[in-house]
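So you can see what is in the structure, the chains are spelled out below.
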Amino acid sequence: MSRKLQDDNLDYLFKAVLSLQNTEECYDFFEDLCTIQELKAISQRLVVAKMLSEKCVYTDIVNATGASTATISRVNRSLQYGCDGYDKIFERIREQEENEQL
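Reading the values: the criteria
Every chain's residues receive numbers from 1 upward, in the order its sequence appears when written. Owing to the predicted nature of the model, reporting of local features is limited to residues with pLDDT of at least 70; listing and counting of side-chain atom pairs is limited to 80 or more, with chain, interface and lining totals taken over all residues. Only hydrogens and water are set aside when side-chain values are computed; all heavy atoms of the structure are taken into account. Residues with no salt bridge and a relative accessible area higher than 30% make up the patches, which join like charges within 9 Å and nonpolar side chains (Val, Leu, Ile, Met, Phe, Trp, Tyr) within 5 Å. Working definition of accessibility: Shrake-Rupley area with a 1.4 Å probe, residue cover restricted to the visible protein chains. One side-chain nitrogen of Lys or Arg within 4 Å of one carboxyl oxygen of Asp or Glu is enough to make a salt bridge. Note that His is not counted, nor are the chain ends; the positive residues are Lys and Arg, and the negative ones are Asp and Glu. The atom standing in for a charge is NZ when the residue is Lys, CZ when it is Arg, CG when it is Asp and CD when it is Glu. In this text, helices come from DSSP runs of H or I with a minimum length of four residues, and strands from runs of E with a minimum of two, each type numbered from the N-terminal end. Among the buried residues, those of types Ala, Val, Leu, Ile, Met, Phe, Trp, Tyr and Cys that are joined through side-chain atoms within 4.5 Å form a nonpolar core. Between buried and exposed lies partly exposed: a residue is buried under 20% and exposed over 50% of the maximum accessible area for its type, with that area taken using a 1.4 Å probe on protein chains only. Should any heavy atoms of two residues lie within 4.5 Å, those residues are considered in contact. Classification of ring pairs uses Phe, Tyr and Trp, with its six-membered ring standing for Trp, and accepts pairs whose centres are within 6.5 Å; under 30 degrees between planes counts as stacked, over 60 as edge-to-face, and the remaining range as tilted. Working convention: axes come from line fits to C-alpha atoms, limited for helices to the stretch in contact. Angles between N-to-C directions cover 0 to 180 degrees. Each crossing gets its handedness from the near helix: less than a right angle anticlockwise from the far helix is left-handed, clockwise is right-handed. Ten residue types, Ala, Val, Leu, Ile, Met, Phe, Trp, Tyr, Cys and Pro, are classed as nonpolar, four, Asp, Glu, Lys and Arg, as charged, and the remainder, Gly among them, as polar.

Chemist: In this structure, what is going on with a negative patch on the surface? I would like to understand it.
Modeler: On the surface, a cluster of negative charge is made up of Glu-24, Glu-25, Asp-28, Glu-31 and Asp-32. Secondary-structure assignment places Asp-28 in helix α2 (residues 23-33).

Chemist: Even after reading the chapter, I still don't get the nonpolar core, so can you show me in this structure?
Modeler: Looking at soluble globular proteins, one finds that nonpolar side chains tend to be buried together. Counting ten residues, the largest nonpolar core consists of Val-48, Ala-49, Met-51, Leu-52, Ile-61, Ala-67, Ile-72, Val-75, Leu-79 and Phe-90. Residues in contact with Ala-49, not counting those within four places in the same chain, are Val-75, Leu-79, Tyr-86 and Phe-90.

Chemist: Would you explain the packing of aromatic side chains in this entry?
Modeler: To describe a pair of aromatic rings, one takes the distance between the centres and the angle between the planes. Taken as a whole, this structure holds two aromatic pairs when the rule is applied. Centroid distance Phe-29 to Phe-30: 5.3 Å. Interplanar angle 80 degrees. Geometry classified as edge-to-face. The class of Phe-30 is partly exposed, set by a relative accessible area of 22%.

Chemist: Just checking my understanding: could you explain the packing of helix α3 (residues 36-53) against helix α5 (residues 69-81) for this structure?
Modeler: The packing of two helices is summarised by the inter-axis angle and the distance between the axes. Between α3 and α5, the shortest axis-to-axis distance is 9 Å and the interhelical angle comes to 65 degrees. Note on packing geometry: the crossing formed by α3 with α5 is right-handed. Residues Gln-44, Arg-45, Val-48, Ala-49, Leu-52 and Ser-53 of α3 pack against Thr-71, Ile-72, Arg-74, Val-75, Asn-76 and Leu-79 of α5. Considering only residue class, the contact of α3 with α5 consists of six nonpolar, four polar and two charged.

Set out below in structure tokens:
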């Protein structure tokens, strides 16, 4: 993360997120924290990033997610020039899913 964004409030938010222990706690916390629209926007960006990382084209992403091309472009810039946060998460999710299949 860019250190320009770092502050005590974000540190506290991230500590709170890291303290969540399961999906149900995530639902409870994020439903209290965010509006439905905010959650949908965040989850949409994550799905867009996953599809971009799987080399899907913009038209397929628009059709599957309803995201605007501006949102897709913004997420794509993060994938190309960001802090690799999406890639870290996708790798961890893949590992978890592989372990669950064993």
